[in-house]
Amino acid sequence: MEDVQSQPDHRGIALDRVGVSGVRLPVVAEGQRTVAIADLAVSVPAETKGAHMSRFLEVVEPHRELLSLARLPLLLRDVRAVLEADHAEVAFRFPYFVAKKAPVSKATGWADVEASLEGSLGAELSLTLGAVVPVTSLCPCSKAISDYGAHNQRGYVHLDVTPRIDAQGTAAPLTIADLVRVAEENASAPVYPLLKRPDERHVTMQAYDNPVFVEDIARGVALALREDPRVAAARVRVVNQESIHNHDAFAEVSWTRT
């Protein structure tokens, strides 16, 4: 059959990214069975009409149940080879579940985290592990000026972390659990899926004893990541859903290790 996509193009316009997006796939990501939304793309040179879109789904199939930071370089190499491209990109976004015990009763529930695995391969390899972690924050100003109580709210810590990559193209072993831990340690208190009354009392007082502004959380997370030798770069964005305002508060910081 005639392969129209492989015919030459004469307009002289190279395309930076061509591919498929919003592909829903059953996957095993970071060791957990879940459902991911995938975007896959390659560069297309000026002389080529287009990319063979069906090949994206074919090439991802052998990797679908082995998704991890460690596996992404191999997937990227396969995408680039099969699509005959100079540059390849992949991104997977998926819910990741963390078993959490309540602080007093030890009752166990499952907390969901929005996670992501992203990578690109051209002249250089780039990988990113991401997570959006819910936390509790209590306002230091409200605590300081109130006769009793202080307003608190749910916040979300958005982390996009680039691991160190060695000369063999192996990423440092960062995990989603690592990102959850660093986010929760710098908030007023964690968010739990299941709390009994003694747990609720504990969490309420824990937040009151650890007031932090949205800026404090962003700085604390950034500092913890900078002190982690596995991390090459990071972007941290913290968003608080304000309980006494009809708007959100946010703080953001990015850095790259030199």
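Residues numbered from 1 in each chain as written. Predicted model: local features only at pLDDT ≥ 70, side-chain atom pairs only at ≥ 80, totals over all residues. Heavy atoms only, no water.

1. Some remarks on the packing of helix α1 (residues 53-60) against helix α2 (residues 72-82)
For the record, the criterion: Interaxial angle, 0 to 180 degrees, is taken between N-to-C directions of lines fitted to C-alpha atoms, where a helix line uses only the stretch in contact. Strands are runs of DSSP state E lasting at least 2 residues, helices are runs of H or I lasting at least 4, and numbering of each runs from the N terminus. Crossing handedness is read from the near helix: turned anticlockwise from the far helix by less than a right angle, it gives a left-handed crossing, and turned clockwise, a right-handed one. Whether two residues are in contact is decided by their heavy atoms: any pair within 4.5 Å suffices. Ten residue types, Ala, Val, Leu, Ile, Met, Phe, Trp, Tyr, Cys and Pro, are classed as nonpolar, four, Asp, Glu, Lys and Arg, as charged, and the remainder, Gly among them, as polar.
Remark: α1 packs on α2, axes separated minimally by 10 Å, with the N-to-C direction vectors making an angle of 150°. Between α1 and α2 lies a crossing whose hand is right-handed. Across the interface between the two elements, Arg55, Phe56, Val59 and Val60 of α1 pack against Leu75, Asp78, Val79 and Val82 of α2. Partitioning the contact of α1 with α2 into residue classes produces six nonpolar, no polar and two charged.

2. Things to note about the pattern of salt bridges
The cut-off we apply is this: Put simply, a salt bridge is a Lys or Arg side-chain nitrogen that is within 4 Å of an Asp or Glu carboxyl oxygen. Burial classification: accessible surface area is computed with a 1.4 Å probe over protein chains only, and a residue below 20% of its type maximum counts as buried, one above 50% as exposed, and the rest as partly exposed.
Evaluation of the coordinates by the stated rule reveals 12 salt bridges. Here Glu65 ties to Arg33 by a salt bridge, and the two come within 3.4 Å at their closest N and O atoms. One end of the pair, Glu65, is in the loop between α1 and α2; the other, Arg33, is in strand β2 (residues 32-44), with 32 residues separating them in the sequence. Given a relative accessible area of 38%, Glu65 falls into the partly exposed group. For Arg33, a relative accessible area of 61% gives the class exposed. Ionic pairing is found between Arg230 and Asp178, a salt bridge with its closest N-O pair at 3.0 Å. A residue pair is termed long-range when its members are at least 10 positions apart, and Arg230 in the loop between α6 (214-226) and β8 (231-241) and Asp178 in helix α4 (residues 176-185) qualify at 52 residues. Through salt bridges with shared partners, one network takes in Arg33, Glu61, Arg64 and Glu65.

3. Re unusual backbone geometry
The phi dihedral of Glu30 is positive, around 50°, even though this residue is not glycine. Inspection of the secondary structure puts Glu30 in the loop between β1 (15-29) and β2. In the Ramachandran plot, Lys106 falls in the positive-phi region, its phi being about 65° despite a non-glycine side chain. Within the secondary structure, Lys106 is located in the loop between β3 (88-101) and β4 (108-121).

4. With respect to the layout of surface pockets
Note the cut-off: Of the grid points, spaced at 1 Å and generated over the protein atoms alone, those admitting a 1.4 Å probe that cannot get out make up cavities, while open sets with protein on both sides within 12 Å along at least five of seven lines make up pockets; any residue with an atom within 4 Å of a point is treated as lining. Grid points are joined across faces, edges and corners, and a volume is the space filled by probe spheres set on the points.
The computed volume of the largest pocket comes to approximately 240 Å³. Forming the walls of the largest pocket are 17 residues, and the residues nearest its centre are Ala111, Asp112, Val113, Pro134 and Tyr156. Elements with a contribution of two residues or more to the lining of the largest pocket: β3, β4, β5 (125-138), β6 (152-163) and α4. Here the element with the most residues in the lining of the largest pocket is β4; it accounts for five residues. The class makeup of the residues in the lining of the largest pocket is 12 nonpolar, no polar and five charged.

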